[in-house]
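Report on the structure
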Amino acid sequence: MPSTDRVANVVLVDIEGTTTSISFVHDVLFPYAKNNVKKFLADGWESSSEIKQIVQELQQVPQYAEYTSTLRVPPTEVDVQIITGFVRYLIDKDLKVTPLKTLQGLIWQQGYETGELRGHVFDDVPGAFAAWRGAGLRIAVYSSGSVAAQKLIFKYSIAGDLLTHLSAHFDTHVGHKQETQSYVNIAKSLGEDPRNILFLTDIPGEAAAARAAGLQAIMLQRPGNAPLTDDQKSGQELIADFSSLHSLQLPE
Ligand SMILES: CSCCC(=O)C(=O)COP(=O)(O)O
Ligand SMILES: [Mg+2]
């Protein structure tokens, strides 16, 4: 079906590689979190129950034992230094683990609120959001970034406050992005027939998982995204930006 004839009630967008450049996430957001994590943890180590909870959850991550085994001196207690090192290790490996994503969102909040960070969105994103909402569609977000981080990137975007366009947010609490059950959960939470949800993403495994749950899925080939192999392209609908989707309509 050509994109122009497509119908949906909900557009579900991924962030990194879809609405936003991979470079912004990897070259701006991740370094910001790595540079600020030590002070952030030290400031709340004794007083913040949120930080205590995150630190506990980080120690349950399977890679924690692997990380501590690489240290010259095995840690005798969990302190700011150890957790800072582990957070930086997880960020370098781009592991999408939930407590890391929660912590990153809290650290980025300070950057957005002080004006040090502004969320990147590609040029066509604000117009597409306005067109979809104008046609009566809902827009939802599904990213490995925490719901709080999702809200920040759109609220403080380079194109102004785009959060007002968004009616639902999903992160890894709903499941991982390459698992079909996550999309079943999202459709249920949205109260929608999966066939009336159009998922936009840059990752073939995410598109496949969404389709297996009955959603429509289209893949983005944004500047800076990893090139797709012929195998990954096969059976996919590929678009360079959202412009061909401006005329999305509600089902009859
Ligand atoms: C919510 S902005 C930060 C993006 C992020 O941390 C991330 O891991 C991006 O993953 P995505 O699922 O949006 O590709
Ligand atoms: Mg992505």
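Residues numbered from 1 in each chain as written. Chains lettered and ligands numbered in written order. Predicted model: local features only at pLDDT ≥ 70, side-chain atom pairs only at ≥ 80, totals over all residues. Heavy atoms only, no water.

1. Side note on the pattern of salt bridges
Just so we agree on the cut-off: In the sections that follow, a salt bridge refers to a side-chain nitrogen of Lys or Arg positioned within 4 Å of a carboxyl oxygen of Asp or Glu. Helix and strand assignments come from DSSP, with helices taken as H or I runs of at least 4 residues and strands as E runs of at least 2, each series counted from the N terminus.
Within the structure shown, the criterion is met by ten salt bridges. Of the charged contacts in the structure, one is a salt bridge between glutamate 192 and arginine 138, with a shortest N-O distance of 3.0 Å. Of this pair, glutamate 192 sits in the loop between α8 (180–190) and β4 (197–201) while arginine 138 sits in strand β2 (residues 138–142), placing them 54 residues apart in sequence. We note a salt bridge from aspartate 193 to arginine 195, for which the minimum N-O separation is 2.7 Å. In the salt-bridge network here, residues are joined through shared partners; they are Asp14, Lys177 and Glu206.

2. Regarding the coordination of the magnesium ion (ligand 2)
Quick note on the threshold: In this analysis a donor is any N, O or S atom within 2.8 Å of a metal ion (3.2 Å for sodium, potassium and calcium), and since water is not included, sites may seem incomplete. Throughout this description, buried means an accessible area under 20% of the type-specific maximum (1.4 Å probe, protein chains only), exposed means over 50%, and partly exposed covers the range between.
Donor atoms from the polypeptide that coordinate the magnesium ion (ligand 2) comprise Asp14 (OD), Asp14 (OD), Glu16 (O) and Asp202 (OD), at 2.2 to 2.8 Å from the metal. Sequence spacing of the donor residues for the magnesium ion (ligand 2), all on one chain, is D-x1-E-x185-D. Residue aspartate 14 is located in the loop between β1 (10–13) and α1 (22–44), and its partner aspartate 202 is located in the loop between β4 and α9 (204–212); the two are separated by 188 residues in the primary sequence. Each member of the pair, aspartate 14 together with aspartate 202, is buried.

3. Details of the UniProt feature "binding site: substrate" (unreviewed entry) in the protein chain
Definition in use: UniProt positions are given in the numbering used here, feature names are shortened, and annotations may be inferred rather than shown by experiment. The criterion used for residue contact is that any of the two residues' heavy atoms lie within 4.5 Å. Whenever two N or O atoms come within 3.5 Å, that pair is a polar contact, provided that in protein one can donate a hydrogen and the other can accept it, and provided that, for residues adjacent in sequence, both atoms are side-chain atoms.
According to UniProt, the positions carrying the feature "binding site: substrate" (unreviewed entry) are Ser143, Ser144 and Lys177. Spanning 35 residues, the annotated positions come together in the fold, the maximum distance between their C-alpha atoms being 7.7 Å. Structurally, serine 143 can be placed in the loop between β2 and α7 (147–155). For serine 143, a relative accessible area of 9% puts it in the buried group. When near neighbours in sequence (up to four residues on either side) are disregarded, serine 143 contacts Ile15, Gln150, Phe170, Asp171, Thr172 and Lys177. Separated by 2.9 Å, the side chain of serine 143 and the backbone nitrogen of glycine 145 make a polar contact. Residue classification places serine 144 among the buried residues on the basis of a relative accessible area of 11%. Apart from residues no more than four positions distant in its own chain, serine 144 is found in contact with Lys96, Lys101, Thr172 and Lys177.

4. Focus on the site of ligand 1
Put simply, the rule is: A cutoff of 4 Å decides nearness: a residue is near a molecule or strand if any of its heavy atoms lies inside that distance of it. Residue burial considers only the protein chains on display, and all accessible areas are found by Shrake-Rupley using a 1.4 Å probe. Under the convention adopted here, Pro, Cys and the residues Ala, Val, Leu, Ile, Met, Phe, Trp and Tyr are nonpolar, Asp, Glu, Lys and Arg are charged, and Gly plus all remaining residues are polar. Here the limits of each domain have been adopted from an automatic or database domain assignment.
In the vicinity of ligand 1, 15 residues are found, and the nearest of them are Lys96, Lys101, Ser143, Ser144 and Lys177. Note that an oxygen atom of ligand 1 is positioned 2.7 Å from one of the side-chain N or O atoms of serine 143. The side chain of lysine 177 places a nitrogen or oxygen atom 2.6 Å from an oxygen atom of ligand 1. In isolation ligand 1 exposes 400 Å². Once the protein is present, 98% of that is buried. Broken down by secondary-structure element, the contributors of at least two residues to the shell around ligand 1 are α1, α5 (98–114) and α7. If you tally residues by element for the shell around ligand 1, the top one is α7, at three residues. Of the residues contributing to the shell around ligand 1, the split by class is six nonpolar, four polar and five charged. Both domain 1 (10–20 + 119–245) and domain 2 (27–114) contribute no fewer than three residues apiece to the shell around ligand 1.

5. Notes on the domain arrangement of the protein chain
To keep it simple, the criterion reads: Accessible area, probed at 1.4 Å, shrinks when two parts are joined; the buried area is that loss added up over both.
Each domain of the protein chain was delimited in the assignment, giving domain 1 (10–20 + 119–245) and domain 2 (27–114). The centre of domain 1, based on its C-alpha atoms, is set 27 Å off from the matching centre of domain 2. In this assembly, twelve residues from domain 1 lie in contact with ten residues from domain 2. Among the residues of domain 1 in contact with domain 2, Ser144, Leu152 and Tyr156 are the three that bury the most area, contributing 41% of the side total. On inspection of domain 1 and its partner domain 2, the count reaches one salt bridge. The partner of lysine 96 in a salt bridge is glutamate 16, with the nearest N and O atoms 3.6 Å apart.

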